[in-house]
Amino acid sequence: INHGGIQCSLETVEQPLTASDVYSKKFARPAHAMLEEEVWEAIEAYGQAARRAKEAGFDGVEIHGAHGYLVSQFLSPLINRRNDRWGGNPKKRMQFLRDVVKSVRDQVGLQYPVMIKLGLMDGIEGGLRLAEGLDVLAALPEMGIDAVEISGGFSGEKFINVAKGIRPAENEAYFLFWAQQARPKVDIPILLVGGFRTRKMMEETLESGVVDFISLSRPLISEPDLPERMRLGLQQQSICLSGSLCHPLATGQGIACRCKVDRSLREN
């Protein structure tokens, strides 16, 4: 469940809104601070989106709190310079997320699985630091979050959340260090995303006890059946080239693998 905030495209939103007025070369477009009623409207929208997902039959929902989207914009000192309910110090910058989780819980109940993808660190000057991100993480169980997926960085290839060229094993699991810092902070399940390409690395990471689940993104775009093929022993490594050509090239297009992948690498 996601709100783009400052990252909404020109084709879809005439005027992006975010936590505070933003005019920076770090971002493609300027954005205006949300009025109080607009913040509450967004909070309610998260809850209604969760309700629709549950009614549609989804097993759970994940709040997107990473990659420079709206939740992480409120968590980030670079963007959130408010001095009201939702800003002014690190604890108050968490309030938007608290209100979003409450809105979701009000709609889906206490037993329905609610996860979050959390950006532990912005990776840009003036942004959320790892220590601050770990404080957010430690507060998640009390908020009502059932599991957390570790990620970080603002969206876009110039930032740290989308690494390219992940073929050597040493390039895999590039957020593992962050997960190691996170593990002592919470006792809810931890999922880890970021550069997993081989069954060997996935199994080693799980066996370490640092995380409970492995998350995949780009490999599933090129091979939706990859987990099943690995389970059956038909394949040990994704054919994904990590070229990051998955995103739509124009409004109306869907996500798809556009790399020149050698599909003969699939063993059967």
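Relevant structure appears above.
Summarised in this report is the structure supplied together with it.

Calculation rules
- Residues numbered from 1 in each chain as written.
- Predicted model: local features only at pLDDT ≥ 70, side-chain atom pairs only at ≥ 80, totals over all residues.
- Heavy atoms only, no water.
- Helix = DSSP H or I, 4+ residues; strand = E, 2+ residues; numbered from the N terminus.
- Expected span 1.5 Å × (residues − 1).
- Buried < 20%, exposed > 50% of the residue type's maximum accessible area, 1.4 Å probe, protein only.
- Contact = heavy atoms within 4.5 Å.
- Axes fitted to C-alpha atoms, helices over the stretch in contact; angles between N-to-C directions.
- Left-handed = near helix turned anticlockwise from the far one by under 90°.
- Nonpolar A, V, L, I, M, F, W, Y, C, P; charged D, E, K, R; others polar.
- 1 Å grid on protein atoms, 1.4 Å probe; cavity = no way out; pocket = protein on both sides within 12 Å on 5 of 7 lines; lining within 4 Å.
- Points joined across faces, edges and corners; volume = space filled by probe spheres on them.
- Pairing = 2+ DSSP bridges.
- Phe/Tyr/Trp six-rings, centres within 6.5 Å; stacked < 30°, edge-to-face > 60°.

**Observations concerning helix α5 (residues 130-143)**
Between its terminal C-alpha atoms α5 stretches 20 Å, which fits the 20 Å expected from 14 residues at 1.5 Å a residue. Those residues of α5 not exposed but buried are Leu130, Glu132, Gly133, Leu134, Val136, Leu137, Ala139, Leu140 and Met143. Packing partners of the buried residues in α5 comprise α2 (70-75), α3 (90-93), α4 (95-108), β4 (114-119), β5 (147-151) and α6 (176-182). Positive backbone phi, approximately 110°, marks Gly144, located one or two places after α5.

**So, the packing of helix α1 (residues 36-55) against α4**
The contact between α1 and α4 brings their axes to 8 Å, and the two run at 35°. Of the two possible hands of crossing, α1 and α4 adopt the one that is right-handed. Across the interface between the two elements, Val39, Trp40, Ile43, Glu44, Tyr46, Gly47, Gln48, Ala50, Arg51 and Lys54 of α1 pack against Phe96, Asp99, Val100, Ser103, Val104, Gln107 and Val108 of α4. Class assignment of the residues belonging to the contact of α1 with α4 gives a composition of nine nonpolar, four polar and four charged.

**Looking at the layout of surface pockets**
Considered as a void within the structure, the second largest pocket measures approximately 300 Å³ in volume. Around the second largest pocket sit Arg199, Met202, Glu203, Leu206, Ile214, Leu216, Leu220, Pro227, Met230 and Arg231, which together line it. When contributions to the lining of the second largest pocket are tallied by element, the ones reaching two or more residues are α7 (199-207) and α9 (226-231). A per-element tally of the lining of the second largest pocket places α7 first, with four residues.

**Comments concerning empty space enclosed by the protein**
For the structure on display, the rule yields one cavity of 30 Å³ or more. By volume, the largest cavity amounts to about 60 Å³. Lining the largest cavity, in full, are Arg218, Ile221, Ser222, Cys240, Leu241, Cys246, Cys257, Cys259 and Val261. Here the residues of the lining of the largest cavity are counted per class, giving seven nonpolar, one polar and one charged.

**Considerations on α1**
Spanning 20 residues, α1 covers 29 Å between terminal C-alpha atoms, matching the ideal 28 Å at 1.5 Å per step. Along α1, the residues that are buried comprise Val39, Ala42, Ile43, Tyr46, Gly47, Gln48, Ala50 and Ala53. Where α1 is buried, its residues meet β3 (61-65), α2 and α4. Residue Gly57 follows α1 closely and has a positive phi angle near 105°.

**Section: the sheet that holds strand β7 (residues 213-214)**
The five strands are arranged β3-β4-β5-β6-β7 in an open sheet whose pairing can be described as parallel. At either margin of the open sheet sits one strand with a lone partner, and together these are β3 and β7.

**Overview of the packing of aromatic side chains**
Considering all chains together, one arrives at five aromatic pairs under this definition. Relative to Trp86, the ring of Trp40 has its centre 5.2 Å away and its plane inclined at 70°; by these criteria the two rings are edge-to-face. Taken together, the positions of Trp40 in helix α1 and Trp86 in the loop between α2 and α3 put the pair 46 residues apart, joining distant regions of the chain. Seen from their ring centres, Tyr174 and Phe175 are 4.9 Å apart, and the 70° between their planes marks the pair as edge-to-face. Residue Phe175 is classed as buried on the basis of its relative accessible area of 3%. Taken together, the ring pairs in this structure connect Tyr46, Phe74 and Phe96 into an aromatic cluster.

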